[in-house]
Amino acid sequence: MQYNDLKKYIYKLDPESAHHVVETLLKNIGSYAPIFFKPIAKMYKYKNPKLSQELFGVTFPNPVGLAAGFDKNATMIKGLEAIGFGFIEFGTVTPKAQPGNEKPRLFRFPDHKALQNAMGFNNEGMEFAQNNVKKLYPFAVPLGANIGKNKNTSSEDALEDYRVLIDGFKDLCDYIIINISSPNTPGLRDLQNEAFIKSIFEMATEMTNKPVLLKIAPDLEIKDALDICQIAIDHGAEGIIATNTTIDYTLLPDPKDIGGISGEVLCEKSFTLFEALAKAFYGKTTLISVGGISNGNEAYRRLKAGASLVQTYSALIFEGPILARKINEEILTLMEKDGYDHINEVIGADRQ
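Residues numbered from 1 in each chain as written. Predicted model: local features only at pLDDT ≥ 70, side-chain atom pairs only at ≥ 80, totals over all residues. Heavy atoms only, no water.

**Student:** Mind laying out the overall build of the chain, listing which residues take part and the relevant values?
**Tutor:** Counting its regular elements, the chain contains 13 helices and 13 strands. Here the C-alpha atoms of the chain give a radius of gyration of 19 Å, agreeing with the 20 Å that 2.2 N^0.38 yields for 352 residues. When its C-alpha atoms are laid out on the principal axes, the chain stretches across 50 × 45 × 45 Å. Burial statistics for the chain: of 352 residues in total, 60% are counted as buried. Once local pairs closer than 6 in sequence are excluded, the contacts in the chain between residues at least 24 apart make up 74%. When the accessible surface of the chain is summed, it comes to about 14,900 Å², and 51% of that surface belongs to carbon and sulfur atoms. Of the charged side chains in the chain, 38 are positive and 44 negative, and the gap between their average positions amounts to 6 Å. (Helix = DSSP H or I, 4+ residues; strand = E, 2+ residues; numbered from the N terminus. Rg over C-alpha atoms; globule rule 2.2 N^0.38 Å. Buried < 20%, exposed > 50% of the residue type's maximum accessible area, 1.4 Å probe, protein only. Contact = heavy atoms within 4.5 Å. Areas by Shrake-Rupley, 256 points an atom, 1.4 Å probe, with all protein chains shown as cover. Lys, Arg positive; Asp, Glu negative; His and termini not counted. Charge placed at Lys NZ, Arg CZ, Asp CG, Glu CD.)

**Student:** Describe in detail the pairing of strand β13 (residues 309-312), supporting the description with residues and values.
**Tutor:** Residues Leu309 and Gln311 line one face of β13 and the alternating positions Val310 and Thr312 line the opposite face, and both faces are buried. Two strands pair when backbone bridges link them, and strand β3 (residues 64-66) and β13 are joined in this way by 3 bridges, in the parallel orientation. Its bridge partner lying in β13, Gly65 is registered against Gln311. Pairing of strand β12 (residues 286-290) with β13 involves 3 bridges; the strand directions are parallel. Within the sheet, the bridge partner assigned to Ser289 lies in β13 and is Val310. With helix α10 (residues 296-305) bridging β12 and its parallel neighbour β13, the resulting β-α-β unit is right-handed. (Pairing = 2+ DSSP bridges. Right-handed = clockwise from strand over helix to strand, strands pointing away.)

**Student:** With reference to specific residues and values, describe the pattern of salt bridges.
**Tutor:** Under the defined criterion, the tally for this structure stands at 18 salt bridges. The partner of Lys8 in a salt bridge is Asp5, and the shortest N-O contact between them spans 3.8 Å. Of the two residues, Lys8 and Asp5 both sit in helix α1 (residues 2-10), 3 residues apart, roughly one turn of that helix. In this structure Lys8 comes out as exposed when scored by relative accessible area, which is 55%. (Salt bridge = Lys/Arg side-chain N within 4 Å of Asp/Glu carboxyl O.)

**Student:** Could you give me a rundown of the pairing of strand β10 (residues 239-242), with the residues and numbers involved?
**Tutor:** Covered by surrounding structure in β10 are Gly239 and Ile241 together with Ile240 and Ala242, the residues of both alternating faces. Sheet topology places strand β9 (residues 212-216) next to β10; 4 bridges connect them, and they run parallel. Bridging from a neighbouring strand, Leu214 pairs with Ile240 of β10. Handedness of the crossover joining β9 and β10 through helix α8 (residues 222-234): right-handed. With 4 bridges connecting them, β10 and β12 associate as parallel partners. Paired with Gly239 across the two strands is Thr286, which belongs to β12.

Such coordinate-based values are descriptive only and should not be taken to indicate function.
Take a look at the structure:
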């Protein structure tokens, strides 16, 4: 109820301004007011060993993570951990700072619990994010570095951008995500092709022992998605994240004509693609599901389908800081109802 009351005021701000307010609060709590961590964590964290698992050589205290896009510059990591996320992805980070697309570029659809964003990888660049993460890493929960090419980098030169970023973050994260699926950077989704994916994962595996994952778009045809993911796995990808935002504008009434849609309206579209990927690749690589997850029931469905981890983003805007705790509590309730003693028994239960 407290957050619902607060939302009335938050929604009076345009979405991007509201995000900056939240960023300032979380950043300042982490940097200047650590005394508040303990009461915040007591309120929002949910600890239970039944939800903990080992992946990528590190411990994930719970399966609910925050997807990339919320903390683009790695300024909010401490605050986000304090509100209960079991892992955090920062970024998308590009080699050079860039302002992103013209404003307005972020739109809120409260009645549908959805967002539409055309941000365009706005961020302060690799060096800025590096300096922030260096102060923290290794961190209390696993960190993922989500990386993408600069807007002005041509497709022919894109591999070099990713090389710079992999080299820059390979010692500052627990896994790296190759983002070639955002709809907001011209030509980026064109890199979802066999030649580029083969090249980037061959390069990545030579550069680092850290797990490198591929994040794909929900708008791919299932056959194309399966082919792309198979190529990535064959050439060293240790995981697939599905999915990014969608450009299927039929999911919203009166959508904008730019950007990608996220939130609850993406749920079934994202799950359909994830289910196809899980049928093909469960047990062969690590799968992470994201897209429209806003409650424990949906998270549990993704876990049973084959996801080792789930992520959320838009739901944090609509549900507030209690989100991760709420989802984890609901997952545990469903586990107990089904007679599972540990989350490892849940993951892939529908694939058995």
